[in-house]
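# Structure at a glance
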Amino acid sequence: MKKLFNPTQYNVNYEFVYSEPALRQLISSYDWGDKKSQNAQIILNGDGTFKIEPESLGNQFDVGTLLEYTANQLRLGVTTIKMEESGCYDNYQPEITAEDLAPQMDVYEGFSHCNISFDFSDRKKIVDSAMILDWIATDEKGHIITDMNGEVSFDRNKVSAFVAEMADETDTYGKPREFMSTLDGLITVPWNGNYSSNYGWLIDQEATVNQLIGLMKEGKSVLVEPEYKYRGYVRDRNDIGDTYVELDISAQHVWVYIDGKAKLSADCVTGTETNPERRTPRGVCCIWSKEEDRILGTYAVQGYEQFVDFWMPFNYLGCGFHDLARGAYGGNIYMYNGSHGCCNLSWGVAQEMYNLVEVGMPVLVHD
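These notes cover the structure that comes with them. Along each chain, numbering runs from 1 in the same order as the chain's sequence is written. In keeping with the predicted nature of the model, local features appear solely for residues at pLDDT of at least 70, side-chain atom pairs appear and are counted solely at 80 or more, and the whole-chain, interface and lining totals rest on all residues. Side-chain figures throughout are based on the complete set of non-hydrogen atoms in the structure, without hydrogens or water.

Quick look at the overall build of the protein now. The helix and strand tally for the protein stands at eleven helices and 18 strands. A burial count over the protein gives 40% of its 367 residues as buried. Residues count as neighbours in contact if any of their non-hydrogen atoms are within 4.5 Å of one another. Put simply, 65% of the contacts in the protein that link residues at least 6 apart link residues at least 24 apart. Using the Shrake-Rupley algorithm and a 1.4 Å probe, accessible areas are obtained, with residue cover drawn only from the displayed protein chains. A total accessible area of about 20500 Å² is found for the protein, and carbon and sulfur atoms account for 49% of it. Numbered from the N terminus, helices here are DSSP runs of H or I no shorter than four residues, and strands are runs of E no shorter than two. Exposure classes here rest on a 1.4 Å probe applied to the protein chains alone. A residue is buried below 20% of its type maximum, exposed above 50%, and partly exposed in between.

Here it is as structure tokens:
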């Protein structure tokens, strides 16, 4: 009985007997769940503010890692398995935490104050903060979608629609012009294709979409021009402005206006009107080059060669202003004895015109 009331320590040795293959089969076949871990994300609220949605841990893990850990623990006689200590979750942790995103909040909140203005001289097209917030790409849960560099993504379709609308409203290339002519008042000068006509503004829509997305990512308020395929001389709604050349075919007369004042006024001879191949094309044009001492044409192609002192082409069909000695200018000479399409001027007028005009200056050719 004495032993019943005195402390006594016993050591009992025992060992686990288990089937490791059966254990692996058990762990592998168990329904552990398939909830994925979620990265922290920045969310755009309905009121235009932003918040960070914290990361969350799912229940997916590496079964192989857990198997090895469990087997090793059982070999050591440990029957309680702590999965967190096994390392089986290591490859399934969220990659982005709320702490990681905190420094980005200043950038995102900057979108709420960003305004990008496209300058068209006498008016502007503004991309305000409300539009920018609407264009931020989000998934169905409101999570902001980022690109491969971790920067905000924008809905390219929405940005492209804005740029297309802006181009439709402001482009002048390819369009006829209302023009206040010297003799006939307000007329419409036609656009006769990209060879007979060549003057105006045309936005490069793809490049402008890329430009706008880049500017929005910077989150700054800026005043910029869009990217252009073709540029004119004046960016106002009236892109002819008050500095231009007017060629009136019916009157056989040419004017050069500088800042609204006629600096040159002279008779001329244009293309032979009764020969369709030599008729001077009407259109919205521009001075696209200036050259001195030029030989026009070739005997092999045009059947003639003509040396000129002053050459000012205004369309892409080979028509231009140049000097050519004639007995007379103006009147009806052009009907049957005109040029091959160019505008012939006396030497003195051609020299004066050459000194007045600039490359890019509009040229309105009309009846």
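What follows is about the nonpolar core. The nonpolar core is taken to be a set of buried Ala, Val, Leu, Ile, Met, Phe, Trp, Tyr and Cys residues, with the residues joined through side-chain atoms within 4.5 Å. Ranked by size, the top nonpolar core spans 47 residues in total, and within it F50, F111, I116, F118, F154, L212 and M216 carry the most contacts. Setting aside anything within four residues of it in sequence, one finds F111 in contact with F50, S129, I132, L133, I136, V152, F154, M216, K217 and G219. With 28 residues, the next largest nonpolar core counts I249, V349, A350 and M353 among its residues.

We now examine the layout of surface pockets. A 1.4 Å probe that fits into a set of points on a 1 Å grid over the protein atoms alone but cannot get out defines a cavity; an open set with protein on both sides within 12 Å along at least five of seven lines defines a pocket, and lining residues are those with an atom within 4 Å of a point. Grid points are joined across faces, edges and corners, and a volume is the space filled by probe spheres set on the points. Each pocket or cavity is described by its volume, and for the largest pocket that value is around 570 Å³. Forming the walls of the largest pocket are 26 residues, and the residues nearest its centre are Q302, Y304, G318, H340 and C342. As a working rule, the residues Ala, Val, Leu, Ile, Met, Phe, Trp, Tyr, Cys and Pro are called nonpolar, Asp, Glu, Lys and Arg charged, and the rest polar, with Gly in that last group. Residues of the lining of the largest pocket, tallied by class, amount to ten nonpolar, eleven polar and five charged. By volume, the second largest pocket is sized at about 200 Å³. Around the second largest pocket, the lining is made up of twelve residues, and of these A40, I96, L101, I144 and T146 lie nearest the centre. Grouping the constituent residues of the lining of the second largest pocket by class yields six nonpolar, five polar and one charged.

Here the focus is the packing of aromatic side chains. Think of it this way: a Phe, Tyr or Trp ring, Trp meaning its six-membered ring, pairs with another when their centres are within 6.5 Å, and the plane angle makes it stacked under 30 degrees, edge-to-face over 60, tilted otherwise. Tallying each qualifying case throughout the model produces ten aromatic pairs. Ring geometry for W135 and F162: centres 5.5 Å apart, planes at 55 degrees, overall tilted. One end of the pair, W135, is in helix α6 (residues 129-135); the other, F162, is in helix α7 (residues 156-170), with 27 residues separating them in the sequence. Note on accessibility: W135 and F162 belong to one class, buried. Ring geometry for F310 against Y354: centres 5.4 Å apart, planes inclined by 50 degrees, an arrangement best described as tilted. Linking F310 in strand β15 (residues 306-313) with Y354 in helix α11 (residues 347-356), this pair joins segments that are 44 residues apart in sequence. Owing to a relative accessible area of 6%, F310 belongs among the buried residues under this scheme. We count a charge as sitting over a ring when the NZ of a lysine or the CZ of an arginine lies within 6 Å of the ring centre and within 35 degrees of the ring normal. A cation over a ring is seen here: K290 above Y354, with NZ or CZ 4.6 Å from the ring centre.

In what follows, salt bridge is the name for a side-chain nitrogen of Lys or Arg lying within 4 Å of a carboxyl oxygen of Asp or Glu. Under the defined criterion, the tally for this structure stands at 13 salt bridges. The partner of R156 in a salt bridge is E206, and the shortest N-O contact between them spans 2.8 Å. Here R156, found in helix α7, pairs with E206, found in helix α9 (residues 205-218); they are 50 residues apart in sequence, far enough to count as distant. Owing to a relative accessible area of 31%, R156 belongs among the partly exposed residues under this scheme.

Glancing now at α9. What a helix is expected to span follows from its residue count: subtract one and scale by 1.5 Å. Along its 14 residues, α9 runs 20 Å from first to last C-alpha, staying within 8% of the 20 Å computed at 1.5 Å per residue. The set of residues buried in α9 consists of T208, V209, Q211, L212, I213, L215 and M216. Its buried side turned inward, α9 meets β3 (116-119), β4 (124-127), α6, α7, β7 (202-203) and β8 (222-224). The first or second residue beyond α9 is G219, which carries a positive phi of 70 degrees.

Bringing the pairing of strand β5 (residues 177-181) into the picture now. Regular strands have side chains that alternate between both faces of the sheet. Judged by which residues are buried, β5 turns out to be one-sided: R177, F179 and S181 face inward and are buried, whereas E178 and M180, on the alternate face, are not. Pairing geometry for β5 and strand β6 (residues 185-189), over five bridges, is antiparallel. Of the residues in β6, the one forming a bridge with M180 is L186. Note: two strands are recorded as paired if DSSP finds a minimum of 2 bridges between them.

Sheet architecture is open: four strands sit in the order β14-β15-β16-β17, paired in mixed fashion. Bordering the open sheet on either side are β14 (291-296) and β17 (343-345), each of which pairs with just one other strand. Sheet twist, expressed as the average angle between the axes of neighbouring strands with direction ignored, equals 40 degrees. Pairing of strand β16 (residues 320-323) with β17 involves three bridges; the strand directions are parallel. Axes here mean lines fitted to C-alpha atoms, for a helix over just the part in contact, with angles spanning 0 to 180 degrees between N-to-C directions.

The values are spatial; any link to function lies outside them.
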